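Residues per chain, in single letters:
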Amino acid sequence: MKKLIIIFFCLFSITIAQETLKESIVHDDLVREYIVRIPSSYDNKVPIPLVLCFHGYGGTATEISYTNFNDVSDTANFIVVYPQGTLLKRKSHWNVGGWTLDSKIDDVGFISSLLDSLSERYNINQSRIYSTGMSNGGYMGYHLACNLSSKFAAIASVTGSMTNDTFNECDPTHPTPILQIHGLLDFIVPYDGNAGSKSIPDVINYWVNYNSCNLDPETLIKYDDYSLVVYETYSNCLNDVNVKLILHPEMGHDWPSTQSYNINASSEIWNFVSMFDLYGLIN
């Protein structure tokens, strides 16, 4: 009886460990850590999408669980990975230029190596790899869209933007769907930009022009007794991609939820990016 109990416990432990794993790879002689969440419905015979979710400046891969992407992953059947940034002036960061210009870390190379490593272990749909993130993590998504475009099908940024360095050196290789979620009361990453960061209108205009979208968006305003949210969608782009801005007049530097700002950011992100692969709109 004791042997049966021990065997059952071991099997149970293996099952739990396969769902959420703390892993690492070595890149540029540095141990780079990440957390990977495997949905319960994962079948290694069937390729599934992958979402990279980047924490903000000073954040951690563990803390960004507030996005609740694990729950979305289990429901929609995709792998979600939370990479961990390295330290710059005692703060974790992603090297995107701007205020991180002193960084010597090759984060684009790290993410490229990470994708290769993940692809060796899991059956990932290579045409459906997406990036999202909060603040510095949102900047990182744009940085990847500009510098590792061939790997990413769509990008979603929450309270992020593009540094001047990313913006001026951006060189994407395919029409790229873009979702930006932002608040007008964000004074850390201001809607109107600052010395080291482009304004949100500048970012949207860049991708609208690059993707050859309609210059005038389709506007939808949702409101109730507690909040008002503006949705602007630029359509008729190359490869039927979209550029979309979700703007909350009363939101600051925050990851919005239905309870706080009448936006479920994680659901909005997945609903948007999942419409596209590397070749555009999925029919």
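Within every chain, residues take consecutive numbers counted from 1 along the sequence as written. Per-residue local features are limited, in this predicted model, to residues with pLDDT of at least 70; the limit for side-chain atom pairs, both in listing and counting, is 80 or more; totals at the level of whole chains, interfaces and linings are taken over all residues. In computing side-chain values, all of the structure's heavy atoms are included and hydrogens and water are not.

Turning next to the overall build of the protein. The numbering of helices and of strands both runs from the N terminus, where a helix is a DSSP run of H or I of at least 4 residues and a strand a run of E of at least 2. When you go through the protein residue by residue, the secondary structure sums to eight helices and 14 strands. In terms of overall dimensions, the protein is globule-like: its C-alpha atoms have a radius of gyration of 19 Å, near the 19 Å expected for 283 residues. Categorising residues by exposure relies on relative accessible area from a 1.4 Å probe, with only protein chains included: less than 20% of the type maximum marks a residue as buried, more than 50% marks it as exposed, and the intermediate range marks it as partly exposed. Residue burial in the protein is summarised as follows: out of 283 residues, 54% are buried. Here, residues are in contact when the closest pair of their heavy atoms is within 4.5 Å. In the protein, 66% of the contacts between residues at least 6 apart in sequence involve partners at least 24 apart. For a compact globule the rule gives 2.2 Å times the number of residues to the power 0.38, and the radius of gyration it is set against comes from C-alpha atoms.

Turning next to the packing of helix α3 (residues 107–121) against helix α4 (residues 136–147). Contact geometry for α3 and α4: axes closest at 11 Å, N-to-C directions at 80 degrees. Between α3 and α4, the interaxial angle falls into the category roughly perpendicular. Between α3 and α4, the contacting residues are D107, V108 and I111 on the first element and M140, H143, L144 and N147 on the second. Note on residue classes: Ala, Val, Leu, Ile, Met, Phe, Trp, Tyr, Cys and Pro are nonpolar, Asp, Glu, Lys and Arg are charged, and everything else, Gly too, is polar. In terms of residue class, the contact of α3 with α4 is built from four nonpolar, two polar and one charged. All axes here are fitted lines through C-alpha atoms, helices being fitted over the stretch that makes contact, and every angle between N-to-C directions spans 0 to 180 degrees. Oblique is the label for any angle not under 35 degrees, not over 145, and not in the 65 to 115 range, which are roughly parallel, roughly antiparallel and roughly perpendicular in turn.

Another aspect to go through is the packing of helix α2 (residues 69–76) against helix α8 (residues 265–273). Across the interface, α2 lies against α8 with an axial gap of 9 Å and an inter-helix angle of 40 degrees. Our classification of the angle between α2 and α8 gives oblique. In terms of crossing hand, the pair formed by α2 and α8 is right-handed. Between α2 and α8, the residues in contact are F69, V72 and A76 and S266, I269 and W270, respectively. By definition, turning the near helix anticlockwise from the far helix through less than a right angle yields a left-handed crossing, and turning it clockwise yields a right-handed one.

Another aspect to go through is the sheet that holds strand β9 (residues 178–183). For two strands to pair, DSSP has to find at least two bridges joining them. Sheet architecture is open: ten strands sit in the order β1-β2-β4-β3-β7-β8-β9-β12-β11-β10, paired in mixed fashion. For this open sheet the edge positions go to β1 (20–27) and β10 (218–223), each flanked by a neighbour on one side alone. The sheet shows a mean angle of 20 degrees between the axes of neighbouring strands, taken without regard to direction. Seen against the sheet, α2 touches β2 (30–37), β3 (48–54), β4 (79–83) and β7 (124–134) and runs at an angle of roughly 155 degrees to β4. Strand contacts of helix α6 (residues 200–210): β9, β11 (228–234) and β12 (243–248), with the helix running at about 165 degrees to β12, the strand carrying the most contacts.

Of all eleven residues in β7, nine are buried; the element is thus mostly enclosed. Pairing between β3 and β7: six bridges, direction parallel. Residue L50 lies in a different strand from β7, and its bridge partner there is I129. Bridge count between β7 and strand β8 (residues 154–158): five bridges; the pairing is parallel. Looking across to β8, one finds that S131 is bridged to I155.

With that settled, the discussion passes to the pattern of salt bridges. By definition here, a salt bridge exists when the distance from a side-chain nitrogen of Lys or Arg to a carboxyl oxygen of Asp or Glu is within 4 Å. A full pass over the atoms with the stated rule returns five salt bridges. Note that E23 is salt-bridged to R121, the shortest N-O span being 3.5 Å. In this pair, E23 sits in strand β1 while R121 sits in helix α3, placing the two residues 98 residues apart along the sequence. The partner of D74 in a salt bridge is R37, and the shortest N-O contact between them spans 2.6 Å. Of the two residues, D74 sits in helix α2 while R37 sits in strand β2, which places them 37 residues apart along the sequence. Since its relative accessible area comes to 26%, D74 is described here as partly exposed. According to the relative accessible area criterion, R37 is buried, its value standing at 13%.

Our focus in this paragraph is the state of the cysteines. In what follows, a disulfide is any cysteine sulfur pair within 2.5 Å. In the structure shown here, the tally under the stated rule is two disulfides. Two residues share a disulfide in this structure: C146 and C170, whose sulfurs sit 2.0 Å from each other. Here the disulfide of C146 and C170 is left-handed, its torsion about the S-S bond being about -85 degrees. Of this pair, C146 sits in helix α4 while C170 sits in the loop between α5 (164–168) and β9, placing them 24 residues apart in sequence. Take C146 and C170: they sit in the same class, and that class is buried. Across the disulfide from C213 sits C237; the S-S distance is 2.0 Å.

Glancing now at the packing of aromatic side chains. The criterion for an aromatic pair is that two Phe, Tyr or Trp rings (for Trp, the six-membered ring) have centres within 6.5 Å, with stacked assigned to planes under 30 degrees apart, edge-to-face to planes over 60 apart and tilted to the rest. Following the criterion strictly, the structure yields 15 aromatic pairs and no others. Aromatic side chains Y66 and W255 sit 6.3 Å apart centroid to centroid with 65 degrees between the ring planes, which places their arrangement in the edge-to-face category. Of this pair, Y66 sits in the loop between β3 and α2 while W255 is found in the loop between β12 and α7 (258–261), placing the two residues 189 residues apart along the sequence. Take Y66: its relative accessible area is 41%, and that puts it in the partly exposed class. What makes W255 buried here is its relative accessible area of 8%. Among the aromatic side chains, those forming a connected cluster through ring pairs are Y66, F69, F78, Y130, W255 and W270. Its guanidinium or amino end placed over the ring of F110, R32 lies 3.9 Å from that ring's centre, counting from NZ or CZ. The ring of Y231 carries the charged tip of K222 above its face, separated from the ring centre by 4.9 Å. Both a distance and an angle decide whether a charge sits over a ring: NZ of Lys or CZ of Arg must be within 6 Å of the ring centre and within 35 degrees of the ring normal.

Function-wise, these values are silent; they only describe arrangement.
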